[in-house]
Amino acid sequence: MAAAGEHVCGAAPAGYTALAVKFGARQRSPHYLLVKEHQVREGAGATYPPRRTVFVLNVPPYCSADALSRLFARCGRVQSVDICDKPGLGEKKEKPSSKFFSHKTVTRFQVAYVVFKKPSGVQAAKTLSREGPLLISTESHPVKTGVSKWIDSYAASVVDPEELKAEVDAYMQDYDKKIAEEEAKAAEEEGVPDAEGWVKVTRKGRKPGLPRTEAANLRVLEKEKQKRARKELLNFYAWQHRETKREHIAQLRKKFEEDKQRIALMRAQRKFRPY
C-alpha cells in the first residue's frame, strides 16, 4: 500500500499531494484530489488564513462542502469549507437571497479551500494519501452520483407554486417600499442646493427631463430651429434693405409683363358676336 501511495504522489503535480477517494463502496477506480497548503504573497489580502488552509483541486461537481468537511475532519477540526469555480483571492461569496432565482447548476470540476482550526490540520491533510483510498459516501452521509443525482436534481427543480408566489410577493413589496423611499427622499431634496450651491435636477420637477430617444432629439432640434428663425433679424443692414427692394421691383416688373401679354391675348381673341 505504501508503494502505491508513493507512486500516486509522484504522479501528482509539483507541490501537490494526490489524495485517493471513492464516492461509493462498489467504485473500482478511485478519484484523486490534489491537495497542497494554501500560500499567498506577503501583503496580498486574503480571506483564507495562511498556515491553516488547504487548497484542493479536481473537486467533482457532485462533491459538496459537507462531504469535504467530513473527509478532512480526521485531520483536525475544520473551521470552514469554501468551494469555488476557480482559484482566487478568497473573496467572500454573497449568500443567495432566493432559492428559486439564485440557483446555479455546477457542471464542471471545481476548487476548494478547507480552513482548519489549528495549523496541525494542514500537515495531517498532506499525509492522508498514505491511508489509501478514503470512502466519502457512507450510509449515514451518502453522496449521490450518476442517475440518482440527476433524479434528485430534477425533483429539486420542480418548485412549489404557492411558495414561489409568496417569495415574489415579498420581493415586490420590498421593491415598492424602496422606490417610495427614494421618491420621498428626492422630493425632500428637490430645489435644495448642496454644500457647494448646486441644485440637483430630477425628472420629478416642474420640467421633467426628456427621454433620450431619437424622436425626442429630433423634436428638440426642430423647436430650436424654429426659435432661431423667429429671432433672426430681417433687413437689419442697409445692403439687406437694398436687396429686398430690388427683388420686390423685379417681381413687379415680371408681373406687369405677364399682365400685358394676357391682355394682348384677350384682345386678339375678341370677336363680333351679335347673337
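1. Overview of the environment of Gly-88
Here is step 1: Tracing the backbone shows Gly-88 in the loop between β4 (78-84) and β5 (110-116).
Here is step 2: In the structure, Gly-88 is positioned 23 residues away from Val-111 in sequence and 9.8 Å away in space, judged by C-alpha atoms.

2. Concerning the sheet that holds strand β6 (residues 134-135)
Here is step 1: Taken together, 6 strands build an open sheet; the order of strands is β4-β5-β3-β2-β1-β6 and the sheet is mixed. With partners counted over all chains shown, the strands left at the sheet margins are β4 and β6, one partner each.
Here is step 2: Note: strand β1 (residues 17-22) against β6, 2 bridges, orientation parallel. Its bridge partner being in β6, Lys-22 is matched across the sheet by Leu-135.
Here is step 3: Against the sheet, helix α2 (residues 65-72) engages β1, β2 (31-37), β3 (53-59), β4, β5 and β6, with an angle of about 135 degrees to β4.

3. Concerning the packing of aromatic side chains
Here is step 1: Enumeration according to the criterion identifies 4 aromatic pairs in this entry.
Here is step 2: Centroid distance Tyr-48 to Tyr-113: 4.2 Å. Interplanar angle 10 degrees. Geometry classified as stacked. Separated by 65 residues along the polypeptide, Tyr-48 in the loop between β2 and β3 and Tyr-113 in strand β5 bring together distant segments of the chain. Residues Tyr-48 and Tyr-113 agree in their burial class; the two are buried.
Here is step 3: Ring geometry for Phe-72 versus Phe-116: centroids 6.4 Å apart, planes at 80 degrees, classification edge-to-face. Of this pair, Phe-72 sits in helix α2 while Phe-116 sits in strand β5, placing them 44 residues apart in sequence.

4. Describing the environment of Pro-50
Here is step 1: For Pro-50, the location among the structural elements is in the loop between β2 and β3.
Here is step 2: Taking the C-alpha atoms as reference points, Pro-50 and Val-40, 10 residues apart in sequence, are found 7.3 Å from one another.

5. So, the confidence of the model for the protein
Here is step 1: Across the protein, the average pLDDT comes to 79, with 80% of residues at 70 or higher.
Here is step 2: This model gives residues 1-10 a pLDDT under 50, and the stretch forms 7 contacts once residues within four places in sequence are excluded.

6. Regarding the nonpolar core
Here is step 1: Ranked by size, the top nonpolar core spans 26 residues in total, and within it Leu-19, Val-56, Leu-68, Leu-71, Phe-72 and Phe-116 carry the most contacts.
Here is step 2: Those elements giving two or more residues to this core turn out to be β1, β2, β3, α2, β4, β5 and α3 (120-126).
Here is step 3: Looking at this core, the element that brings in the most residues is α2, giving 4 residues.
Here is step 4: Residues in contact with Phe-116, not counting those within four places in the same chain, are Arg-52, Val-54, Phe-72, Cys-75, Gly-76, Arg-77, Val-78, Gln-79, Gly-121, Val-122 and Ala-125.
Here is step 5: Counting residues in each nonpolar core, the second largest holds 10 residues, with Tyr-48, Phe-55, Cys-84 and Tyr-113 among its members.

7. Section: a positive patch on the surface
Here is step 1: Taken together, Arg-219, Lys-223, Lys-227 and Arg-230 make up a surface patch of like positive charges.
Here is step 2: With respect to the helices and strands, the residue Arg-230 is situated in helix α6 (residues 214-231).

Reading the values: the criteria
- Residues numbered from 1 in each chain as written.
- Predicted model: local features only at pLDDT ≥ 70, side-chain atom pairs only at ≥ 80, totals over all residues.
- Heavy atoms only, no water.
- Helix = DSSP H or I, 4+ residues; strand = E, 2+ residues; numbered from the N terminus.
- Pairing = 2+ DSSP bridges.
- Contact = heavy atoms within 4.5 Å.
- Axes fitted to C-alpha atoms, helices over the stretch in contact; angles between N-to-C directions.
- Phe/Tyr/Trp six-rings, centres within 6.5 Å; stacked < 30°, edge-to-face > 60°.
- Buried < 20%, exposed > 50% of the residue type's maximum accessible area, 1.4 Å probe, protein only.
- pLDDT = per-residue confidence, 0-100.
- Core = buried A, V, L, I, M, F, W, Y, C linked by side-chain atoms within 4.5 Å.
- Patch = residues over 30% accessible without salt bridge, like charges linked within 9 Å, V, L, I, M, F, W, Y side chains within 5 Å.
- Areas by Shrake-Rupley, 256 points an atom, 1.4 Å probe, with all protein chains shown as cover.
- Salt bridge = Lys/Arg side-chain N within 4 Å of Asp/Glu carboxyl O.
- Lys, Arg positive; Asp, Glu negative; His and termini not counted.
- Charge placed at Lys NZ, Arg CZ, Asp CG, Glu CD.

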